[in-house]
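# Remarks on the overall topology
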Amino acid sequence: MMQRLTFLLLGAVLFAGCQMEKPTVKNYRRVVAMENLTPVTVERLRQLIAADTTHYKVVVLTSSCCGPCLMSMRDVYPKKMAECDSSQVRWIFVEESYGTAQYMDEVFSAHHIDSPRYWIDDTLPQYRPLMLKSMWTVVWNLLWHHGASFEELGWDEDENRLNNIVNAIAPQPHLITGPNGTPTTVMLDPQGRMKCSYTIDPSGNATLEPTDIRDIAVPVTELDYTRVDTLRYAPPVCTPDGKCN
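Attention shifts here to the side chain of K80. With respect to the helices, strands and loops of the structure, K80 is situated in helix α5 (residues 77-83). For K80, a relative accessible area of 7% translates into the label buried.

Below you can see the structure in the form of structure tokens.
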């Protein structure tokens, strides 16, 4: 019993440490004071995108504490930005949470990306980021209700938040159902048509997603925005010795 309690307490401490960059009043005030960052509601972001009818747009929903986001900043975005002149393509980087937005300047500087930096500052329940109600509530519930949902643990966030944001900032004839993490890239032609893909997982389930810029082999300006591509992920192939690829 004592060993179990010690393990749970250690887990709670680690959990608390991992959540230190989640949205808090302290982080919010820090980000608000950063002059290079522009707060934007989801509706305001939609207006900024819709008002530009002369450029292709690449909207990057990112997080400065996300490993794949940082790799994309280093390996993908600079290369894609160099493929087209800025007179053709407008890049819009949006930090999805103010809990990590404080690191945007550092990340952009490290990877030599010079673009406007926005962060979502929206109180509507379908768009707002994860909100910390009480750290003690989270820790207590983690100890006694391991495996509970975020809401049950004391957090509050719409489970379809990223989908809601994508569908709101660039409305399309069919709802996007696929984004489930950062980075998410939304590529639009000057007419506001989004480049989309049907992604079919190994089980055969299909979702309609914004095409990931990491999956394209041509410049943004050469994509066919009237066509929906299909990405099919084959089921893993396993050998008799138990190794799968």
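Bridge analysis of strand β8 (residues 196-200) against strand β9 (residues 206-210) gives 5 bridges, and the strand direction is antiparallel. When the sheet's bridge partners are listed, T199 is paired in β9 with T207. Hairpin connection between β8 and β9: a loop of 5 residues separates the two successive antiparallel strands, and G204 in this loop has a positive phi of roughly 95 degrees.

What follows covers the nonpolar core. If you look at the biggest cluster of nonpolar residues, it comprises 25 residues, and the most contacted ones within it are V58, Y77, W91, F93, M187 and I213. At the level of secondary structure, the elements contributing two or more residues to this core comprise β2 (56-62), β3 (89-95) and α6 (104-110). The contacts of Y77, once residues within four sequence positions are left out, are V60, S72, W91, F93, I113, P183, T185 and I213. Counting 24 residues, the second largest nonpolar core, distinct from the first, contains Y118, I176, C196 and L208.

Enumeration according to the criterion identifies 10 salt bridges in this entry. Of the charged contacts in the structure, one is a salt bridge between R193 and D189, with a shortest N-O distance of 2.7 Å. Between D229 and K195 there is a salt bridge, with the nearest N and O atoms lying 3.0 Å from each other. Of this pair, D229 sits in strand β10 (residues 229-232) while K195 sits in the loop between β7 (184-188) and β8, placing them 34 residues apart in sequence. Note on D229: relative accessible area 22%, which makes it partly exposed. Taken together, the salt bridges that share partners define one network made up of K195, R227 and D229.

Bringing the sheet that holds strand β1 (residues 37-40) into the picture now. As summarised here, the arrangement of the 5 strands in space is β1-β4-β3-β2-β7, forming an open sheet in which the pairing is mixed. Edge positions in the open sheet fall to β1 and β7, since each of these has one partner strand only. Averaged over neighbouring strand pairs, the angle between their axes works out to 25 degrees when direction is ignored. Where β3 lies against strand β4 (residues 117-120), 3 bridges are found, and the strand directions are parallel.

With that out of the way, let us pick up the packing of aromatic side chains. Considering all chains together, one arrives at 8 aromatic pairs under this definition. The interplanar angle of 80 degrees and the centroid separation of 5.2 Å between the aromatic rings of F93 and F108 together place this pair among those described as edge-to-face. With F93 in strand β3 and F108 in helix α6, this pair connects stretches of sequence that are 15 residues apart. Both residues of the pair, F93 and F108, belong to the buried class.

So, how was this worked out
Residues numbered from 1 in each chain as written. Predicted model: local features only at pLDDT ≥ 70, side-chain atom pairs only at ≥ 80, totals over all residues. Heavy atoms only, no water. Helix = DSSP H or I, 4+ residues; strand = E, 2+ residues; numbered from the N terminus. Buried < 20%, exposed > 50% of the residue type's maximum accessible area, 1.4 Å probe, protein only. Pairing = 2+ DSSP bridges. Core = buried A, V, L, I, M, F, W, Y, C linked by side-chain atoms within 4.5 Å. Contact = heavy atoms within 4.5 Å. Salt bridge = Lys/Arg side-chain N within 4 Å of Asp/Glu carboxyl O. Axes fitted to C-alpha atoms, helices over the stretch in contact; angles between N-to-C directions. Phe/Tyr/Trp six-rings, centres within 6.5 Å; stacked < 30°, edge-to-face > 60°.

Just geometry here; none of it tells us what the structure is for.
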